[in-house]
Amino acid sequence: MKDEQHMDEMIEKLDHLKLSALYVQDGLVGTDAEAVLAVQKQFEQLVDMFYDDFREVVSPRQYQTARSDFEYFVVLLEKTRQHYLALKDGKGD
């Protein structure tokens with residue numbers, strides 16, 4: 001039961017990170033360089049939080065790539081989510 005609760009918590013964290021990333025996505029493009037830079041820092045903080053919580057399933061290289069590639073980060077979030085769903089269902093490693 002505790003493992004299932006842990007998986008649910010990890011999946012919830014991933015969902016929250018994805019929503020947060022989607023929220024800042026529009027701010028990553030624009031003509032106001034200062035505003036874009038501020039949003040880029042927010043995005044990088046999201047990626048950092050993701051790596052802090054999920055470094056056991058995400059490599060340093062994936063982390064570095066995600067810090068500069070929004071689409072890659074969203075895909076990595078989803079792959080990590082699928083990993084935890086599989087573990088929860090007893091189909092993972």
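Residues numbered from 1 in each chain as written. Predicted model: local features only at pLDDT ≥ 70, side-chain atom pairs only at ≥ 80, totals over all residues. Heavy atoms only, no water.

The next thing to look at is the nonpolar core. Grouped together as the largest cluster of nonpolar side chains are 24 residues, with contacts concentrated most on F43, F50, F54, V58, F73 and Y84. Those elements that provide at least two residues to this core are α1 (2-25), α2 (33-54), α3 (60-68) and α4 (70-88). Ignoring anything within four residues of it in the chain, the contact list for Y84 reads M7, M10, I11, L14, F54, E56 and V57. (Core = buried A, V, L, I, M, F, W, Y, C linked by side-chain atoms within 4.5 Å. Buried < 20%, exposed > 50% of the residue type's maximum accessible area, 1.4 Å probe, protein only. Helix = DSSP H or I, 4+ residues; strand = E, 2+ residues; numbered from the N terminus. Contact = heavy atoms within 4.5 Å.)

Let's shift gears to the environment of D69. Within the element layout of this structure, D69 appears in the loop between α3 and α4. On the basis of relative accessible area, D69 is assigned to the partly exposed category, the value being 29%. Taking C-alpha positions, D69 is 13 Å from Q45, a pair spaced 24 residues apart along the chain. For D69, the side chain forms a polar contact with the main-chain nitrogen of E71, separated by 3.2 Å. (Polar contact = N/O pair within 3.5 Å; in protein donor to acceptor, adjacent residues only side chain to side chain.)

Another aspect to go through is the pattern of salt bridges. For the coordinates displayed, the defined rule picks out seven salt bridges. Residues D8 and K88 are paired through a salt bridge, measuring 2.6 Å at the closest nitrogen-oxygen approach. One end of the pair, D8, is in helix α1; the other, K88, is in helix α4, with 80 residues separating them in the sequence. A salt bridge links D15 to R81, with the shortest nitrogen-to-oxygen separation between them at 2.6 Å. With a gap of 66 residues between them, D15 in helix α1 and R81 in helix α4 connect regions that are remote in the sequence. One continuous salt-bridge network, built from bridges that share partners, spans E44, D48 and R67. (Salt bridge = Lys/Arg side-chain N within 4 Å of Asp/Glu carboxyl O.)

Everything listed here is a matter of coordinates, which is why it stays silent on function.
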